[in-house]
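Here are the chains, one letter per residue:
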Amino acid sequence: MLFLLGVGTVHAADMIALRYVDQDPGDPSYLTRILVTADYMRMDDGNDDGDFLLLDRRQRQVTNVTRDNKLAMVFTAGALPPKPAGWKPRLDTQPAAPGTQRFSLVLKEVVCSEGVAARAAAPDAARAMAELKFVLAAMQYRVWEASPRELQHDCDLANLVWESGATLKLGLPLEEREYTGRTRQLESESKHPLQPELFRVPEGMTAINAPS
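To start, this report covers the structure provided alongside it. (Residues numbered from 1 in each chain as written. Predicted model: local features only at pLDDT ≥ 70, side-chain atom pairs only at ≥ 80, totals over all residues. Heavy atoms only, no water.)

### Describing the state of the cysteines
The cut-off we apply is this: Cysteine sulfur atoms are paired as a disulfide whenever they come within 2.5 Å of each other. Every helix listed is a DSSP run of H or I at least four residues long, and every strand listed is a run of E at least two residues long, numbered separately from the N terminus. Relative accessibility decides the category of a residue: with a 1.4 Å probe and only protein chains considered, values under 20% of the type maximum give buried, values over 50% give exposed, and everything between is partly exposed.
Following the criterion strictly, the structure yields one disulfide and no others. Between the sulfur of C112 and that of C155 lies a disulfide, 2.1 Å long from S to S. Taking the torsion about the sulfur-sulfur bond, which here is approximately -75°, the covalent link between C112 and C155 counts as left-handed. Linking C112 in strand β9 (residues 110-118) with C155 in helix α2 (residues 154-162), this pair joins segments that are 43 residues apart in sequence. We note that C112, like C155, is buried.

### Quick look at unusual backbone geometry
As a rule of thumb, non-glycine residues mostly have phi less than zero, and peptide bonds are mostly trans rather than cis. Phi angles above zero are rare outside glycine, and E109 is one such case at about 65°. Locating E109 in the fold gives a position in the loop between β8 (100-107) and β9. The class for E109 is exposed, based on a relative accessible area of 65%. With a phi angle near 45°, A122 is a residue other than glycine that sits in the positive phi range. Residue position: A122 is located in the loop between β9 and α1 (123-146).

### Observations regarding the packing of α1 against α2
Stated precisely, the cut-off is as follows: Axis lines are fitted to C-alpha atoms, over the contacting stretch for helices. Their N-to-C directions set the angle, which ranges from 0 to 180 degrees. If an angle is under 35 degrees, it is roughly parallel; if it is over 145, roughly antiparallel; if it lies from 65 to 115, roughly perpendicular; otherwise it is oblique. Residues count as neighbours in contact if any of their non-hydrogen atoms are within 4.5 Å of one another. Ten residue types, Ala, Val, Leu, Ile, Met, Phe, Trp, Tyr, Cys and Pro, are classed as nonpolar, four, Asp, Glu, Lys and Arg, as charged, and the remainder, Gly among them, as polar.
Remark: α1 packs on α2, axes separated minimally by 8 Å, with the N-to-C direction vectors making an angle of 150°. Regarding the angle of α1 to α2, the classification is roughly antiparallel. Mapping the contact onto sequence places K133, A137, Q140, Y141 and W144 in α1 and D154, D156, L157, N159, L160, V161 and W162 in α2. Partitioning the contact of α1 with α2 into residue classes produces seven nonpolar, two polar and three charged.

### What to know about the environment of D14
Secondary-structure assignment places D14 in strand β1 (residues 14-23). With a relative accessible area of 17%, D14 lands in the buried category. Setting aside residues no more than four positions away along its own chain, D14 makes contact with V36, T37, K191, H192 and L194.

### Quick word on empty space enclosed by the protein
Quick note on the threshold: Throughout, the protein atoms alone are placed on a 1 Å grid, and a set of points is a cavity if a 1.4 Å probe fits but cannot get out or a pocket if it is open with protein on both sides within 12 Å along at least five of seven lines; lining residues have an atom within 4 Å of a point. Grid points are joined across faces, edges and corners, and a volume is the space filled by probe spheres set on the points.
Counted according to the given criterion, the structure contains two cavities of 30 Å³ or more. Of the pockets and cavities examined, the largest cavity occupies roughly 60 Å³. Surrounding the largest cavity, L105, S113, K133, A158, N159, E163, S164, T167, E176 and E178 form its lining. Elements supplying a minimum of two residues to the lining of the largest cavity: α2 and β10 (172-178). Residues that form the lining of the largest cavity fall into these classes: two nonpolar, four polar and four charged.

The quantities given are spatial measurements derived from coordinates; they are silent on function.
Set out below in structure tokens:
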């Protein structure tokens, strides 16, 4: 992964392309492509003409585009309730390969997420990923709150709500494993000329504002 360490700030005429291999327990692995510019971040399956999630970094707004039903669901950052009493997560780190560190986010002695991060690898991409989690945190809390009690896990609140950007402050995730067994592995990183059309909501979409 040392080839990543020379990647710097994204300039206006550039976009960073990250390709991750994600896998949920018991399911086949799948590709997640993340495209980052100074103004936007797009997340999709690698298909330019498929569905995608678009973060407007200036407006702090996320749009989920589904082409088959022509819907664009719009999310903005909402207020979060106070952290519960006794909320004391712990972020442990230790050196790994040169330029990287291994991390684990622990809550009540449960490892909520763990992996390897590279601080100098595409730092603006890591910031954009944290910005996405910030905008969606209130929505993630509502989903957690509406779930049956047996499905409510404190690690979801750590990973997606109150500590959502903690591990990303350590740098770009090269690999990650969540308490559920879900894994993510960085396959490649590259820089390309900006393609503005990839960061526009297609015409003819019906915009729906999600609760914030």
